[in-house]
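Survey of secondary and tertiary structure
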Amino acid sequence: MKLKSIPLKKRPFDFALIIFFFINLVFVTYMIDVEQLVISNPDNFQYPLWPPAWMVDLVHWYGRTFDPVLIARPAWWRATIWIDSLFFGPFYVVAIYAFWIGKPWIRYGSIIWASVMLTNVSIILFEEVNGEHASPELFRVFLANAAWVIFPALVLIRMRKPYQPFRQE
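Since we're looking at a predicted model, the values are computed, not measured. (Residues numbered from 1 in each chain as written. Predicted model: local features only at pLDDT ≥ 70, side-chain atom pairs only at ≥ 80, totals over all residues. Heavy atoms only, no water.)

Take the overall build of the chain next. The secondary structure content of the chain amounts to 7 helices and 2 strands. What you see in the chain, going N to C, is helices and strands ordered as β-α-α-α-α-α-α-α-β. Residues counted as buried form 43% of the 169 residues belonging to the chain. Taking contacts inside the chain between residues at least 6 apart in sequence as the whole, the part at least 24 apart equals 68%. Accessible surface computed for the chain: about 9,500 Å², of which carbon and sulfur atoms make up 68%. Averaging the coordinates of the 15 positive side-chain charges in the chain and doing the same for the 12 negative ones gives two points 21 Å apart. (Helix = DSSP H or I, 4+ residues; strand = E, 2+ residues; numbered from the N terminus. Buried < 20%, exposed > 50% of the residue type's maximum accessible area, 1.4 Å probe, protein only. Contact = heavy atoms within 4.5 Å. Areas by Shrake-Rupley, 256 points an atom, 1.4 Å probe, with all protein chains shown as cover. Lys, Arg positive; Asp, Glu negative; His and termini not counted. Charge placed at Lys NZ, Arg CZ, Asp CG, Glu CD.)

We now examine the packing of aromatic side chains. Taken as a whole and judged by the stated rule, the model has 19 aromatic pairs. Residues Tyr62 and Phe66 carry aromatic rings whose centres are separated by 5.5 Å and whose planes lie at 50 degrees to one another, so their mutual orientation is tilted. The buried category is assigned to Phe66, whose relative accessible area is 10%. Ring geometry for Phe91 against Trp113: centres 5.6 Å apart, planes inclined by 10 degrees, an arrangement best described as stacked. Of the two residues, Phe91 is situated in helix H4 (residues 75-101) and Trp113 in helix H5 (residues 106-130); the sequence distance between them amounts to 22 residues. For Phe91, a relative accessible area of 11% puts it in the buried group. Accessibility expressed as a relative area gives 2% for Trp113, which makes it buried. Through pairs of rings, three or more aromatic residues link up here, namely Phe20, Phe21, Phe88, Phe91, Tyr92, Phe99, Trp113, Trp148, Phe151 and Phe166. (Phe/Tyr/Trp six-rings, centres within 6.5 Å; stacked < 30°, edge-to-face > 60°.)

Limitation: the analysis is restricted to geometry and does not speak to function.
Structure representation (structure tokens):
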């Protein structure tokens, strides 16, 4: 029995994942995260060549207003940023391609990405609630981070399908 690829237009959730991966790739991983790697002290810095000054200002405003750990940048936080930049960024490029075309080999990488993402976000949210740099605006911070809980959980559900997540009989 030959399995046929399901066209992307018939996989709307996969299209939503592609958009999520693209936003993460362009705005989160290689703008917001890069800002945190190139500016170690948000109280004393010069604007870098990248990311753009408007993004640096937006990140600093958000951190000072809602998310103190983003400004404090403890070592464990920077470690999650490095994971995002070194591993998740390249994953997003490959995942966009694989989900677009419907390549089943992305299944294991997706499961690993979702598992690590859920772990990192759980640690970050625990800090937001109970940590040294707890957020004064928990509801807003949880809303801002909700996509990084929801989408990885949905990817785990999506990839639970045996071996051929993009094929049908």
